[in-house]
Amino acid sequence: MRKEGKKLIPALFSAYILLLCAVFFLREPIGRVRINLVPFDTIRTYLTRLSENSINTDIVMRGIFGNILLTLPLGAFAAMYAALRDKSGKIFLALSLAFTVAADLLQFSLRIGQFDIDTLMLRSVGVIIGYSAVRLTSSLILRGRAEAAR
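What counts as what
- Residues numbered from 1 in each chain as written.
- Predicted model: local features only at pLDDT ≥ 70, side-chain atom pairs only at ≥ 80, totals over all residues.
- Heavy atoms only, no water.
- Helix = DSSP H or I, 4+ residues; strand = E, 2+ residues; numbered from the N terminus.
- Areas by Shrake-Rupley, 256 points an atom, 1.4 Å probe, with all protein chains shown as cover.
- Lys, Arg positive; Asp, Glu negative; His and termini not counted.
- Charge placed at Lys NZ, Arg CZ, Asp CG, Glu CD.
- Patch = residues over 30% accessible without salt bridge, like charges linked within 9 Å, V, L, I, M, F, W, Y side chains within 5 Å.
- Salt bridge = Lys/Arg side-chain N within 4 Å of Asp/Glu carboxyl O.
- Buried < 20%, exposed > 50% of the residue type's maximum accessible area, 1.4 Å probe, protein only.
- pLDDT = per-residue confidence, 0-100.
- Polar contact = N/O pair within 3.5 Å; in protein donor to acceptor, adjacent residues only side chain to side chain.
- Axes fitted to C-alpha atoms, helices over the stretch in contact; angles between N-to-C directions.
- Parallel < 35°, antiparallel > 145°, perpendicular 65-115°, else oblique.
- Left-handed = near helix turned anticlockwise from the far one by under 90°.
- Contact = heavy atoms within 4.5 Å.
- Phe/Tyr/Trp six-rings, centres within 6.5 Å; stacked < 30°, edge-to-face > 60°.

(A) Region of interest: the overall build of the chain. Each helix and strand counted, the chain has five helices and two strands in total. Element order for the chain, N to C, with α for helix and β for strand: α-β-α-α-α-β-α. When the backbone C-alpha atoms are referred to their principal axes, the chain occupies close to 60 × 35 × 25 Å. Total accessible area on the chain is roughly 9700 Å²; 65% of this is exposed by carbon and sulfur atoms. For the chain, the separation between the mean place of its 19 positive charges and that of its 10 negative charges on side chains is 10 Å.

Here is the structure:
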C-alpha cells in the first residue's frame, strides 16, 4: 500500500468513528426503554405496516437500509486495516462486529436508544458487506495486476 494510504486510512477511520459516535450518542434520552430479542420482529413489523400503508416508507428505509449503510464503512476500514498491518482480517472484522454490539448496549444503558436484535443483525450485515467488498475488490485488483505483468 502506498505511503499516502497508510496515513489517510487512519485519519478517515477516526473521522468516521467520530461521526458514528455522534449518530449513536448525541440524541435525546428516550425515557422508556424497549428491548427486542426476537430476530426479524422489527423487520417483519416494518414490512407488514408498509404493505398496509400504515407506516412512512422513509421510516422503513432508514430502519433497514440505514442501519446497513451506517456500518458498511466500518467493515471496509476493517479490511483496509488488515491490509495495512499485513494481518488476517478476521480479528479486525470481529472487533468491528463487537463495536456494533457495544454501541447498542451503551445506547441502551444511557437510555438514548433501544436494544434491538434486528438492528444488531442489520449493522452486522453492513460490516460484513463492507469488509467483503474491500477484500473482493483488492483480490480483483491484484489478479488484474498479475495478469498484466505476464
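That covers the picture; the talk isn't over yet.
(B) Region of the structure containing a nonpolar patch on the surface. A contiguous nonpolar surface patch, about 310 Å² in accessible area, is contributed by Met61, Phe65 and Leu69. Relative accessible area serves as the criterion here: at 57%, Leu69 is assigned to the exposed category.

(C) Geometry of the pattern of salt bridges. The final tally for this structure, using the stated rule, is three salt bridges. The partner of Asp41 in a salt bridge is Arg44, and the shortest N-O contact between them spans 3.8 Å. Residue Asp41 and its partner Arg44 are located together in helix 2 (residues 41-51), separated by three residues, close to a single helical turn. Judged by relative accessible area, Asp41 falls into the partly exposed class, the value being 26%. Its relative accessible area of 47% is what places Arg44 among the partly exposed residues. The salt bridge involving Asp104 is made with Arg123; its shortest N-O contact spans 2.7 Å. Here Arg123 lies in helix 5 (residues 117-149) and Asp104 lies in helix 4 (residues 89-109), a separation of 19 residues in the sequence. No difference in accessibility class separates Asp104 from Arg123, as the two residues are buried.

(D) Main features of the confidence of the model for the chain. A residue-level look at the chain finds 97% of positions with pLDDT of 70 or above and a mean pLDDT of 89. Across the chain, the element-wise mean pLDDT spans from 87 in helix 1 (residues 3-25) up to 95 in helix 2.

(E) Local environment of the side chain of Asn36. Within the secondary structure layout, Asn36 lies in strand 1 (residues 35-36). A distance of 3.2 Å separates a polar atom in the side chain of Asn36 from a polar atom in the side chain of Thr42.

(F) Layout of the packing of helix 3 (residues 57-85) against helix 4. Where helix 3 meets helix 4, the closest approach of the two axes is 8 Å, and the angle between their N-to-C directions is 150°. Taken together, the axis directions place helix 3 and helix 4 in an arrangement best described as roughly antiparallel. In terms of crossing hand, the pair formed by helix 3 and helix 4 is right-handed. Between helix 3 and helix 4, the residues in contact are Thr71, Leu74, Ala78, Tyr81, Ala82 and Arg85 and Gly89, Phe92, Leu93, Ser96, Phe99 and Thr100, respectively.

(G) Main features of the packing of aromatic side chains. Inspection of the entire model under this criterion finds six aromatic pairs. When the centroid spacing of 5.4 Å and the interplanar angle of 70° are considered together, the rings of Phe13 and Phe77 count as edge-to-face. Taken together, the residues span a long stretch of sequence, with Phe13 in helix 1 and Phe77 in helix 3 at a distance of 64 residues. Take Phe13: its relative accessible area is 23%, and that puts it in the partly exposed class. Considering the side-chain rings of Phe108 and Phe115, the 6.4 Å spacing of their centres and the 70° angle between planes classify their relative orientation as edge-to-face. Given a relative accessible area of 13%, Phe115 falls into the buried group. Counting every residue linked through ring pairs, the aromatic cluster contains Phe13, Tyr16, Phe77, Tyr81 and Phe92.

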